[in-house]
Structure formats: C-alpha cells, structure tokens
Amino acid sequence: MCMATEIESLTMNQGVLYIVSTPIGNLEDTTLRAVRILKEVDIIAAEDTRKAQILLKKYSIKKPLTSYFEHNERTKTPSIINKLKSGANIALVSEAGTPSISDPGYRLVSEAIGQSIPVIPVPGACAAVAALSVSGLPVHRFVFEGFLPPKSGKRKNFLKKISGEDSTLIFYESPYRICATIKEMIRELGNRKAMLARELTKLHEESIYGSLSEILEKLEHRKIKGEITLIVEGKKE
Ligand code: SAM
C-alpha cells in the first residue's frame, strides 16, 4: 500500500498534486482515502470553495482553501505550480465528481507533469462512469463526449461528425436543453437505444431506459430539473 507520506519522501522537497474525486450528490460517496488526503495536504484548490466547505465540514477537515475555476485557471496555475515546487502538497477538487472531467484540472495537471511534479489520482465518483455502469448498453468500448456545443448549428455538425461512431456514447446535458438535444440526436444519429440518468445518488434520482424517442416522450410534458447524463448506443452495422 502506498501512503502519502512515502510519496512525499520520494519527491525531494517538491510537493505532490492530488486529483481528488468528490461525490456527485451523496456525500457518503466520499472515499476514506479522499478524506485522509484532504486532511494531510497543505492546501486545497477548489472549483467552488463554498461547496468544498460543505464536504470539509462534514469530515471535520480544516485546511486553507484557494479557488481554482474555469475563469482563473490560466492565471492561477503558475502560483499553484510554484507552491508545489516549494514543497506544498495540494489537493484539487472540483464542484462534483472527478476534476478534469468536464471540469477544471487539465491545465494544472499537464503543467505539473511538465515540471516533473508528481500527480496522484484519488479516484471516486464520476457521473459519466456511474451512468454508464447502469445503462445496460455495451460498456466494453465507450466514448465520453461531455457537453455538446451549446449553439444549434455547431451541435448539429458535431452530431453528424460522430454519427458513425460504434462505441457507446456518453453526454452531459443541461435540463433546459435535453429535449432539444434528444430531438437533434434522433435526426442526426437515428432513434437509438439510450438511457437518461438524472440526479444520480441524490434524493430524486431517476434512470429512464428506452429508445431516444421513448425517453423524449417521457420528458416532454414535465418540468425537467437537476443534473443529467445521457448514454446513447453506438452506431449499429
Ligand atoms: N466532474 C464531474 C464528473 O466527474 O462527473 C462532471 C462535471 S460537469 C461540469 C457537470 C455535469 O455532469 C452535469 O451537468 C451533468 O451533466 C453531469 N452530472 C453531474 N452530477 C450528476 C448526477 N448526480 N447525475 C447525473 N448527471 C450528473
């Protein structure tokens, strides 16, 4: 078993960057290791410091927090890298789930690797993987597409581009756009099998299975709220 303290002794006074996954809803999905690492690091860089405080409070963790989000990523990366170089151990957490997955992190991770700073994942919840695991669609090959472009023209072109992909497809989508997106998918990809996961791990968790048009029918006449991951079957021969 590799403990943080062993890693630290290997780094010759450089710090370690931990990429720590946090729950996508249910706080009980915090791993024991995530709690330990968050207790041991010197600084926690958080996409949303208020949300991070809720988690830290639950586990009685008191650590300096610094914000690291989409709009300060570029300017904040050098100062975090400098702190790592001077020996601070830093954990990056996003608003929910795994940092870097449709969340800030990639820039910091690639910069740290470029500077030979050790980067250690502390795995845990990720909406894409959670939804895929209960989708009932083939999981031996899948493609994570994340959020589609918000503008309709670009979205349509993007869907056209991926229409030949035969792996299972994973999308993140907002509740406001989900019906329009499913309609576009039916046009561009065909009426494929799919699964819509809403509010996974939360009070109003819901999984809807069926063809894209059957899912659309179930959504169209109601107010859709919450966070959605959509899994769509790949192209069939
Ligand atoms: N980093 C996160 C992860 O590891 O899943 C994803 C962050 S991304 C900004 C947020 C999107 O993930 C939401 O808009 C939704 O599409 C999806 N998502 C997050 N939590 C979810 C949940 N509890 N149930 C279903 N989808 C979820």
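Below is a summary of the structure that appears in this document. (Residues numbered from 1 in each chain as written. Predicted model: local features only at pLDDT ≥ 70, side-chain atom pairs only at ≥ 80, totals over all residues. Heavy atoms only, no water.)

## Some words on the overall build of the protein
And step 1. Helix and strand content of the protein: 9 helices and 10 strands.
And step 2. Its C-alpha atoms give the protein principal-axis dimensions of roughly 55 × 35 × 35 Å.
And step 3. Scored against the burial criterion, the 237 residues of the protein give a buried share of 46%.
And step 4. For the protein, long-range pairs separated by at least 24 residues make up 72% of all intrachain contacts whose partners lie at least 6 apart in sequence.
And step 5. For the protein, the computed accessible surface area is about 12,700 Å², with 54% contributed by carbon and sulfur atoms.
And step 6. The centroid of the 34 positive side-chain charges in the protein is displaced by 4 Å from the centroid of its 28 negative side-chain charges. (Helix = DSSP H or I, 4+ residues; strand = E, 2+ residues; numbered from the N terminus. Buried < 20%, exposed > 50% of the residue type's maximum accessible area, 1.4 Å probe, protein only. Contact = heavy atoms within 4.5 Å. Areas by Shrake-Rupley, 256 points an atom, 1.4 Å probe, with all protein chains shown as cover. Lys, Arg positive; Asp, Glu negative; His and termini not counted. Charge placed at Lys NZ, Arg CZ, Asp CG, Glu CD.)

## A few points about the site of the ligand
And step 1. Around the ligand, 19 residues are found, and the nearest of them are Thr 98, Asp 103, Ala 127, Tyr 172 and Ile 228.
And step 2. Between the ligand and Ile 101 there is a distance of 2.8 Å, counted from a nitrogen atom to a backbone nitrogen or oxygen.
And step 3. Thr 229 places a side-chain nitrogen or oxygen 2.8 Å from a nitrogen atom of the ligand.
And step 4. Coverage of the ligand by the protein amounts to 90% of the 570 Å² it exposes when considered alone.
And step 5. Its residues assigned to classes, the shell around the ligand shows 10 nonpolar, 4 polar and 5 charged.
And step 6. Each of domain 1 (6–122) and domain 2 (127–232) contributes no fewer than three residues to the shell around the ligand. (Near = heavy atom within 4 Å. Polar contact = N/O pair within 3.5 Å; in protein donor to acceptor, adjacent residues only side chain to side chain. Nonpolar A, V, L, I, M, F, W, Y, C, P; charged D, E, K, R; others polar. Domains from an automatic or database assignment.)

## A word on the sheet that holds strand β6 (residues 142–147)
And step 1. What the 5 strands build is an open sheet, ordered β6-β7-β10-β8-β9; its pairing is mixed. The strands lining the two open edges of the sheet, one partner per strand, are β6 and β9 (206–211). Each strand axis lies, on average, 15° off the axis of its neighbour in the sheet, ignoring direction. (Pairing = 2+ DSSP bridges. Axes fitted to C-alpha atoms, helices over the stretch in contact; angles between N-to-C directions.)

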